[in-house]
Amino acid sequence: MHCALVYGRMGRLQEAESAHLFTASGPDAKSVAHANLARFYLSQGRWKDAKVQCEHAVEKETFPAKRALRRGQMLVELYQWDREKLLEARDQFILALELQPSFKAAQDSLARLNQMMDSE
């Protein structure tokens, strides 16, 4: 996973994609591997590929609060200009906090989303 990120930063996009695909392809692939691949695809303007990887990232997450967080994050990344999807993302962050009240990542994501929506 680290190699994929470094290749991407170096502009070696073919190697970055190959490394991301390798990391996300195993039976034990983690949610974060699919999320990173989704972000890579978004950076390349490959929205449909990114959406598929976002769905895999959510499916792979085994902890309910983290799954809600991941779903919310992916909605924000995929649909940053769609108010309805952003409201759905907000609901996911709130769900993550209901499941795990001191979940810092969910608190931070909700705060960033609220700030983003307030500045519209």
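The residue numbering used here restarts from 1 in each chain and proceeds along that chain's sequence as written. Residues qualify for local features only when their pLDDT is at least 70, as the model is predicted, and side-chain atom pairs are given and counted only at 80 or more; totals for whole chains, interfaces and linings, by contrast, use all residues. Values shown for side chains rest on all heavy atoms present in the structure; no hydrogens or waters enter the calculation.

A few words on the pattern of salt bridges. Salt bridge, as used here, is a side-chain nitrogen of Lys or Arg placed within 4 Å of a carboxyl oxygen of Asp or Glu. Applying the stated criterion across every chain, the model contains six salt bridges. Across the pair Asp49 and Arg46 runs a salt bridge whose closest N-O atoms are separated by 2.9 Å. The class for Asp49 is partly exposed, based on a relative accessible area of 32%. Judged by relative accessible area, Arg46 falls into the partly exposed class, the value being 28%. With its nearest N and O atoms 2.9 Å apart, the salt bridge here joins Lys104 to Asp108. With Lys104 and Asp108 both in helix α7 (residues 104-118) and four residues apart, the pair spans about one turn of that helix. Salt bridges here are not isolated pairs; linked through shared partners, they connect Glu17, Arg46 and Asp49. Three labels apply to residues, based on accessible area from a 1.4 Å probe with only protein chains included: buried if under 20% of the type maximum, exposed if over 50%, partly exposed otherwise in between. Each helix corresponds to a stretch of at least 4 residues labelled H or I by DSSP, and each strand to a stretch of at least 2 residues labelled E; elements are numbered beginning at the N terminus.

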